[in-house]
Amino acid sequence: MWEHQRHAVLPAVSDPSRYQPQAIEANWQRAWQEHGLHDTPELEPGEQGFYALSMFPYPSGNLHMGHVRNYVITDVVARVQRLRGRKVLHPMGWDAFGLPAENAAIERGVDPGVWTDQNIASMRRQLDQLGLSIDWQREVATCHSDYYRWTQWLFLQFFEAGLAYRKEATVNWDPIDQTVLANEQVDGDGRSWRSGALVEKRKLRQWFLKITDYAQALLDDLDGLEGWPERVRTMQANWIGRSTGAELQFAVVNDDGTDTGEQITVFTTRPDTIFGATYVVLAPEHALVPSLTSAPQRLAVEAFCDLVSRQSEQDRTAEDKPKRGVPIGAQVRNPANGALMPIWIADYVLADYGTGAVMGVPAHDQRDFLFARQYELPVQQVIIPEGSDEHAFEGGAWTEAGVLIHSGRFDGLTTTKAKAAITAAAEAEGWGRERVQFRLRDWLISRQRYWGCPIPVINCDSCGAVPVPTEQLPVELPRDVAFTGKGASPLAQLESWVQVACPCCGKPARRETDTMDTFMCSSWYFLRYSDPTNNQLPFGRDAVDSWLPVDQYVGGIEHAILHLLYSRFFTKVLRDRQLLSCGEPFTKLLTQGMVQGVTYKNPHTGKYIPPSEVADADDPRDPVSGEPLETFFEKMSKSKYNGVDPAQVIDRYGADTARMFILFKAPPEKDLEWDDADVEGQFRFLQRIWRLVDTALERGLTLADGAGSAAAVRAALAVTGADNLAPADADLRRAVHTAIAAISEDLDGDYQFNTAVSELMKLSNAMAPLLADANPVFAAEALRTLVVLLAPFAPHLAEELWLKLGGRSGGDTLNTSSIHRQRWPEADATALVRDTVPLVIQIKGKVRGSLEVPADADKATLEQLALQSEIASKWLEGKAPSRVIVVPGKLVNLVP
Ligand SMILES: [Zn+2]
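In this text the structure is predicted, and so the values were computed from the model without any measurement.

By the definition in use, this model includes zero disulfides. Left without a disulfide partner, Cys504 is nearest to the cysteine sulfur of Cys463, which lies 4.4 Å away.

Bringing the coordination of the zinc ion into the picture now. In the first shell of the zinc ion, the protein supplies Cys460 (SG), Cys463 (SG), Cys502 (SG) and Cys505 (SG), at 2.2 to 2.3 Å from the metal. In this structure, the zinc ion is surrounded by four donor atoms whose angles at the metal cover 105 to 114°, and the resulting shape is tetrahedral. In primary sequence terms, the donor set of the zinc ion follows C-x2-C-x38-C-x2-C. Separated by 42 residues along the polypeptide, Cys460 in strand β19 (residues 457–460) and Cys502 in the loop between β21 (499–501) and β22 (508–511) bring together distant segments of the chain. Across this residue pair, the class does not change: Cys460 and Cys502 are buried.

Following the criterion strictly, the structure yields 33 aromatic pairs and no others. With centroids separated by 5.6 Å and ring planes inclined at 65°, the aromatic side chains of Phe158 and Phe569 adopt a geometry described as edge-to-face. Of the two residues, Phe158 sits in helix α5 (residues 145–160) while Phe569 sits in helix α17 (residues 562–576), which places them 411 residues apart along the sequence. With respect to burial, Phe158 and Phe569 carry one shared label: buried. Ring geometry for Phe159 versus Trp207: centroids 6.0 Å apart, planes at 55°, classification tilted. Of this pair, Phe159 sits in helix α5 while Trp207 sits in strand β7 (residues 200–209), and the two are 48 residues apart along the sequence. By way of ring pairs, the aromatic residues Phe158, Tyr214, Trp443, Phe519, Tyr566, Phe569 and Phe570 are connected into one cluster. The cationic tip of Lys167 hangs over the ring face of Phe208; the distance from NZ or CZ to the ring centre is 4.9 Å. When the ring centre of Trp239 is taken as origin, the NZ or CZ atom of Arg439, which lies over that ring, is 4.5 Å away.

In spatial order, the strands read β2-β1-β24-β25; together these four strands make up an open sheet with parallel pairing. One side of each edge strand has no neighbouring strand; the edge strands of this open sheet are β2 (88–89) and β25 (586–592). Where strand β1 (residues 50–54) lies against strand β24 (residues 550–556), three bridges are found, and the strand directions are parallel. In the strand pairing of β24, Ala52 is matched with Gln552.

This next bit is on unusual backbone geometry. The omega torsion across Leu473 and Pro474 is 0°, close enough to zero to call that bond cis. Looking at the secondary structure, you find Pro474 in the loop between β20 (464–467) and α13 (495–498). Leu548 connects to Pro549 through a cis peptide bond whose omega is 0°. Its place among the elements puts Pro549 in the loop between α16 (541–547) and β24. One non-glycine residue with positive phi stands out, namely Gln578, at about 60°. Residue placement: Gln578 occurs in the loop between α17 and β25. Look at Asp705: it is not a glycine, yet its phi comes out positive at around 55°. Along the chain, Asp705 turns up in the loop between α20 (676–698) and α21 (710–720).

Of note, Asn754 is situated in helix α23 (residues 753–770). Overall, the relative accessible area of 14% leaves Asn754 in the buried class. If we ignore the near neighbours within four places in the chain, the residues touching Asn754 are Leu663, Phe664, Ala666 and Pro667.

Turning our eyes to something else, we now look at the nonpolar core. Formed by 192 residues in total, the largest nonpolar core has its most connected members in Phe155, Trp443, Phe569, Trp674 and Phe793. In terms of nonpolar packing, the next biggest core, distinct from the first, is built from 36 residues, Phe275, Ile343, Ile422 and Ala426 among them.

With that out of the way, let us pick up a positive patch on the surface. A cluster of basic residues, Lys844, Lys846, Arg848 and Lys874, forms a positive patch at the surface. Mapped onto the fold, Arg848 is located in strand β31 (residues 846–854). Look at Arg848 and you get partly exposed, because its relative accessible area is 34%.

Glancing now at the pattern of salt bridges. If the charged atoms of two oppositely charged side chains come close together, the side chains can form a pair. This model, assessed by the stated rule, comprises 35 salt bridges. Two residues, Glu230 and Arg233, come together in a salt bridge whose shortest N-O distance is 2.8 Å. Within this pair, Glu230 and its partner Arg233 are both found in helix α7 (residues 230–240), separated by three residues, close to a single helical turn. The salt bridge partner of Glu634 is Lys640, with a shortest N-O separation of 2.7 Å. The exposure class assigned to Glu634 is partly exposed, which follows from its relative accessible area of 22%. Bridged by salt links that share partners, the residues Asp221, Arg568, Lys572 and Glu584 form one connected network.

We now examine the packing of helix α19 (residues 655–665) against α20. It is the contact of α19 with α20, at a shortest axis distance of 9 Å, that shows an interaxial angle of 120°. Note that α19 runs across α20; the crossing there is right-handed. In this structure, α19 uses Asp656, Thr657, Met660, Phe661, Phe664 and Lys665 to contact α20, whose residues at the interface are Asp678, Val679, Gln682, Phe683, Phe685 and Leu686. A per-class count over the contact of α19 with α20 returns seven nonpolar, two polar and three charged.

With that settled, the discussion passes to helix α1 (residues 21–34). Under the 1.5 Å per step criterion, the end-to-end length of α1 is 20 Å for 14 residues, consistent within 8% with the ideal 20 Å. Listed as buried for α1 are Pro21, Ile24, Glu25, Trp28, Gln29, Ala31 and Trp32. One or two residues past the end of α1 sits Gly36, with phi positive at roughly 60°.

Next up on the list: the sheet that holds β31. Across the sheet, four strands lie side by side as β31-β30-β33-β32; this open sheet has mixed pairing. Every interior strand has two partners, whereas the edge strands, β31 and β32 (883–887), have only one. Neighbour-to-neighbour, the strand axes of this sheet turn through a mean angle of 20°, independent of strand direction. Both strand β30 (residues 836–843) and β31 contribute to a ladder of eight bridges, which runs antiparallel. Pairing of Gln842 across the sheet is with Val847, part of β31. Lying on the sheet, helix α28 (residues 859–868) is in contact with β30, β31, β32 and β33 (891–895); it crosses β31 at an angle near 120°.

Calculation criteria
- Per chain, residue numbering runs from 1 following the sequence as it is written.
- Where local features are concerned, this predicted model is filtered to residues with pLDDT of at least 70; where side-chain atom pairs are given and counted, the filter is 80 or more; whole-chain, interface and lining totals use all residues.
- The side-chain quantities take in all heavy atoms of the structure and omit both hydrogens and water.
- Cysteine sulfurs are considered disulfide-paired once they come within 2.5 Å of each other.
- In this analysis a donor is any N, O or S atom within 2.8 Å of a metal ion (3.2 Å for sodium, potassium and calcium), and since water is not included, sites may seem incomplete.
- Metal sites are grouped by the angles between bound donors: all angles between 85 and 135 degrees with four donors is tetrahedral, opposite donors over 155 degrees apart with the others between 65 and 115 is square planar for four donors and octahedral for six, and any other pattern is irregular.
- Strands are runs of DSSP state E lasting at least two residues, helices are runs of H or I lasting at least four, and both sets are numbered from the N terminus onward.
- Exposure is judged per residue with a 1.4 Å probe applied to protein chains only, and the accessible area is read against the type maximum: over 50% gives exposed, under 20% gives buried, and values in between give partly exposed.
- Stacked, tilted and edge-to-face are the three classes assigned to paired rings of Phe, Tyr and Trp, where Trp is represented by its six-membered ring and a pair needs centres within 6.5 Å; plane angles under 30 degrees give stacked, over 60 edge-to-face, the rest tilted.
- For a Lys NZ or an Arg CZ to count as sitting over a ring, it must be within 6 Å of the ring centre and within 35 degrees of the ring normal.
- Pairing between strands requires that DSSP locate at least two bridges from one strand to the other.
- Contacts are assigned to residue pairs with any non-hydrogen atoms lying within 4.5 Å of each other.
- Among buried residues, the Ala, Val, Leu, Ile, Met, Phe, Trp, Tyr and Cys ones that are joined through side-chain atoms within 4.5 Å form a nonpolar core.
- Patch definition: residues with relative accessible area over 30% and no salt bridge; like charges joined within 9 Å; nonpolar side chains (Val, Leu, Ile, Met, Phe, Trp, Tyr) joined within 5 Å.
- Residue exposure ignores everything except the shown protein chains as possible cover, and the areas themselves are Shrake-Rupley values with a 1.4 Å probe.
- Every case where a carboxyl oxygen of Asp or Glu lies within 4 Å of a side-chain nitrogen of Lys or Arg is listed as a salt bridge.
- By the counting scheme adopted, Arg and Lys are positive, Glu and Asp are negative, and His together with the chain ends is not counted.
- Every charge is mapped to an atom, namely NZ of Lys, CZ of Arg, CG of Asp or CD of Glu.
- In this description, a line fitted to the C-alpha atoms serves as the axis of each element, helices being fitted only across the stretch in contact, and the angle between N-to-C directions of two axes falls anywhere from 0 to 180 degrees.
- Crossing handedness: left-handed means the near helix sits turned counterclockwise from the far one by under a right angle, and right-handed means the same turn made clockwise.
- When residues are sorted by character, Ala, Val, Leu, Ile, Met, Phe, Trp, Tyr, Cys and Pro go into the nonpolar class, Asp, Glu, Lys and Arg into the charged class, and all the rest, Gly among them, into the polar class.
- A helix is expected to span 1.5 Å for every residue after the first.

Here's what the structure looks like:
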């Protein structure tokens, strides 16, 4: 695909004075590795390091542009922090359990472990070509037993804390992958996030983690995450979904009006509307449904329950789907006004949300309104808009605030006051209480798959679920299994592995054959990097506390809820277990935008057309039918033929150009549109820098022996005086220090790498004409600064230019003398002061040119300078203007 492009092929590079990335990049990568340049430095006791982290990839075997963007952003952050003198941890690893390896085993008969390790090796080679400053000594792979041993150990911590439990649960069953999915893995259409299959409902005994115990803390602590995108915090808050309301008791009533003694508890966020309740709805799975259903209704109720059991949760709750239900032939008494109301079951009420029962208030809830209209249930208005009368309610439900009517002693209260008053009355009279409700539910972690971390539990008929003793960890995944891709986990079919003695009573027992959700493995990997070879614990307390929390985390927005919420949960639980100190794992989060490729689509057939089949990019047409094609940018994907292979870009232009393009093309959090011309533009920019340095070398400029360093510049300024510089020197220094100030600012707070690269381009453009005439001290200062500022972005080129310029003289090894061991420069405020400022000259309001004028010139002087200028003589042709408008510091407008 890369072969198909409109831009001219670059000339062959054989001239040593030309920039040839292929000739330098691999050498520097090897040298950095050999000299341990990216090794994580030891921290002094109590010292805090800087932790830069990319979300680790699934080892699919292929690096795509989305990966490249993610890792390059993190790499720049890590490199800048090193230049600023921080000790940096910048690790990488592999989220290596999961379905694709198992699918490969089923389809091609390869061992999932072997397949995964091959992919890791291949991706590692691709990553190395990018020049990332990763400490590979800290690499982890979640599928290796020296890692998953500790995932199991941590599971047992949750178990011991009462935060891991088993229960029979209705689960999302993926009929293609034959496995259970978490709610988060089912999309809005009720399809599996991975296989795309329509998810079914099944009952299975499953392991859960009690994330709901931390719902309030997970919500509260979002406020402190100021370094996170607002969007991600909002998504998490919505997912946790806290609502305040009331639990109200409705007594079940016999046909003769007497109480049966049974109660139905509903949860509502609108206790103020209780006088408007006209029916109660239970989830079809509610425990009371079988006993309360009347004989005449039994068949209808059973048929309905059967129907609902086959529906996905998304179908049941989707706003645009009609709601269905049946009465069960029983009734309750409204505790507020004594009215008798029928009990229904309906698909839109879910058993495990709230109490599995709601009161129907059709006048003030749109869903209830539609349901009541469909089944001809009564509608009783109890709230009117403030200052209105009771006829304001028409058509749909009135869901806004207002004033109560038909509500007995609560009439006239506002909805806000009525919520409190009715809840208080319910509490006093024993028919309800205030209640906080969360949308978040416990995290289902059981998977009926092979390629995952075994749950370290032994099931004994006498003792129940017994944890595997920690000294017996890891529970190794057996490697001699048969893959059919059907039915239960291959582990369940492996009797030699399953049968084991109970650690408690010694009787024959069976291993748990479920494996863990891979999100378990990725919920703590960032902790392991702090102490990756520890074989006594998942991580030592000192190590984890000196590196955590992660200072800058970079990854995709698709992890806004799943991975980021689970990792926060893990961190809080481990803090409460005294295993670490921080309560939040990631101080700053950057969610990088997508990489989009140019995409061709036939709007008539809906088919995507590979760019290689599009003859004329300016008039794209379907190669078969000749119909005009739509052209647009969309996230790169195989199915749309719009991907660009990172390896081919690197082969052609080098990693530094690929990095520069990705950083320059868009701010990191925005989507990026791939553009071949801009890639070439960045290559040419690096080539210009190369030539700039070559020309300087020809003139005898050097950075040897500290030339151009801050100390050398200070010494030179002491002699000439900072206010007394020649114009070329002053201009050069101004350009240099403007760039330092601007780029330093771009790298603080929100990373604006795109404008930082622009500033580098401005600096090199400003330097080119000034270097020849400048004092060699200031010329050296400019060269030194340019190369250091370039280093985080184009690390290979910067290292090569540093060597060519003699910058490494005096240092003994690469480890001490590398460009990447230098210090980030400080902007010199005195160099930024201008003696002159540009003054725009307008003729009759139109800009016709500009003048350099003294910065402190007064109005009269500016007018005089403008009238004397060539611009005035050209446009006024010798006549005096009728009017002159002067805006000091900005412009003079001459009106003829
Ligand atoms: Zn036992």
